[in-house]
Amino acid sequence: MLTAKIGKVGKVLICGAKGVGKTALLEQLIYGNITLETEIHPTIEDIYVASVDTGRGNRETLRIYDSAGLFQGSKAQLPRHYFYFPDGYVLVYDPTDPQSLDMLADIKMDIDKNKEKKEVPIIVLANMRSKRKDSPPSPTQQPPQSNNQADPVELILNRANAWCSRCNIKHYTVNAMERPSLYDPFINLCARLHPPQTKSTFPQLRQVMQKTQKMEG
């Protein structure tokens with residue numbers, strides 16, 4: 001019989017533009033069953049549960065809420081209830097689509113404005129293969145550049161890194177087709193949601209106070 005102690009449950013919301021691969025990332029992370037031929041249907045809302053080994057003994061549980069992708073072209077706004085229950089956020093963008101990155105700034109602004117907790121961990125994922133091979137290009141996707149021009153994907157990744165650095169957010173480059181690339185972001189997020197408890201110093205302080213009182217007596 002298994003007797004492993006289960007730790008706390010952290011509630012995480014994953015969000016971003018439509019078609020950036022949020023559901024594919026979660027399906028790969030939890031089940032490892034995503035290939036280039038896998039058909040992913042648009043998400044309305046879904047919940048995934050992950051048991052995470054943070055290397056501190058007990059396994060921690062993440063309850064990950066998969067949200068519907070937001071339409072591009074106007075200020076991105078999450079439904080109001082998404083600002084009140086999550087303990088952390090995962091923001092996803094497609095580095096071939098600059099508007100999907102721009103949308104994250106609006107989402108981050110709304111999180112900061114509406115969050116009730118003092119600190120809510122946020123991580124940003126650049127999904128390097130968010131679309132299937134036979135998918136048509138995004139209307140905002142930049143055309144291939146000639147060899148003497150800068151790689152547009154690298155430019156977007158650099159812009160994302162700079163923005164995340166200014167906002168003190170962890171930025172990860174992942175691939176929905178490569179499950180190991182997803183481990184570090186979610187392990188680190190889980191560790192931030194469940195920091196190790198420090199031992200209270202009150203018993204020692206009480207002993208010191210008792211000794212002081214005896215000396216004064």
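Everything numeric here is computed off the predicted structure, so don't read it as measured data. (Residues numbered from 1 in each chain as written. Predicted model: local features only at pLDDT ≥ 70, side-chain atom pairs only at ≥ 80, totals over all residues. Heavy atoms only, no water.)

**With respect to the overall build of the chain**
Then, in step 1: For the chain, the helix and strand inventory stands at 5 helices and 6 strands.
Then, in step 2: Within the chain, buried positions represent 41% of all 217 residues.
Then, in step 3: Within the chain, residue pairs in contact and separated by at least 24 positions form 76% of the contacts whose partners lie at least 6 positions apart.
Then, in step 4: In the form shown here, the chain has an accessible surface area of approximately 13,200 Å², with 53% of it arising from carbon and sulfur atoms. (Helix = DSSP H or I, 4+ residues; strand = E, 2+ residues; numbered from the N terminus. Buried < 20%, exposed > 50% of the residue type's maximum accessible area, 1.4 Å probe, protein only. Contact = heavy atoms within 4.5 Å. Areas by Shrake-Rupley, 256 points an atom, 1.4 Å probe, with all protein chains shown as cover.)

**Observations concerning helix α3 (residues 152–167)**
Then, in step 1: With 16 residues, α3 extends 23 Å between its outermost C-alpha atoms, agreeing within 8% with the 22 Å of an ideal straight helix rising 1.5 Å per residue.
Then, in step 2: Those residues of α3 hidden inside the fold are in contact with β4 (88–93), α2 (98–114), β5 (122–127) and β6 (170–174).
Then, in step 3: The N-cap of α3, judged by a side-chain oxygen 3.0 Å from the amide nitrogen of Val153 a few residues on, is Asp151.
Then, in step 4: A positive backbone phi angle near 60 degrees is found at Asn168, which sits one or two residues after α3. (Expected span 1.5 Å × (residues − 1). Polar contact = N/O pair within 3.5 Å; in protein donor to acceptor, adjacent residues only side chain to side chain.)

**Description of the environment of Arg63**
Then, in step 1: Checked against the element boundaries, Arg63 lands in strand β3 (residues 59–67).
Then, in step 2: Residues Arg63 and Lys11, spaced 52 residues apart in sequence, show a C-alpha to C-alpha distance of 4.9 Å.
Then, in step 3: Beyond its immediate stretch of four places on either side in the chain, Arg63 contacts Val9, Gly10, Lys11, Val12, Ile47, Tyr48 and Val49.

**Here's the deal with the pattern of salt bridges**
Then, in step 1: A complete count under the given rule lists 5 salt bridges for this structure.
Then, in step 2: Residue Asp112 pairs with Lys108 through a salt bridge whose shortest N-O separation is 2.5 Å. With Asp112 and Lys108 both in helix α2 and 4 residues apart, this pair spans about one turn of that helix.
Then, in step 3: With a relative accessible area of 35%, Asp112 lands in the partly exposed category.
Then, in step 4: Take Lys108: its relative accessible area is 11%, and that puts it in the buried class.
Then, in step 5: Each of the salt bridges in this network shares a partner with another, and the network as a whole consists of Arg80, Asp110 and Lys113. (Salt bridge = Lys/Arg side-chain N within 4 Å of Asp/Glu carboxyl O.)

**Points about the pairing of β4**
Where a strand is regular, its side chains alternate between the two sheet faces.
Then, in step 1: Counting buried residues along β4, 6 of its 6 residues qualify, which places the element largely inside the surrounding structure.
Then, in step 2: A two-sided burial pattern is seen for β4, the buried positions comprising Gly88, Val90 and Val92 on one face and Tyr89, Leu91 and Tyr93 on the other.

**Looking at the packing of aromatic side chains**
Then, in step 1: Within the structure shown, the criterion is met by 3 aromatic pairs.
Then, in step 2: Ring geometry for Tyr31 and Tyr48: centres 6.4 Å apart, planes at 55 degrees, overall tilted. Pair noted here: Tyr31 is in helix α1 (residues 22–31) and Tyr48 is in strand β2 (residues 45–53), with a separation of 17 residues, a long-range link.
Then, in step 3: A residue is classified by how much of its surface remains accessible, and Tyr48, at 4% relative accessible area, is buried.
Then, in step 4: What links up through ring pairs into an aromatic cluster is the set Tyr65, Tyr82 and Phe85. (Phe/Tyr/Trp six-rings, centres within 6.5 Å; stacked < 30°, edge-to-face > 60°.)

**Structural notes on unusual backbone geometry**
Then, in step 1: For Asn168, which is not glycine, the phi dihedral falls at a positive 60 degrees.
Then, in step 2: With respect to the helices and strands, the residue Asn168 is situated in the loop between α3 and β6.
Then, in step 3: Among the residues examined, Asn168 registers a relative accessible area of 70% and is labelled exposed.

**Description of the nonpolar core**
Then, in step 1: Counting residues in each nonpolar core, the largest one holds 53 residues, and the members touching the most others are Leu62, Val90, Leu91, Tyr93, Ile107 and Leu125.
Then, in step 2: Ranked by residues supplied to this core, first place goes to α3 with 6 residues. (Core = buried A, V, L, I, M, F, W, Y, C linked by side-chain atoms within 4.5 Å.)

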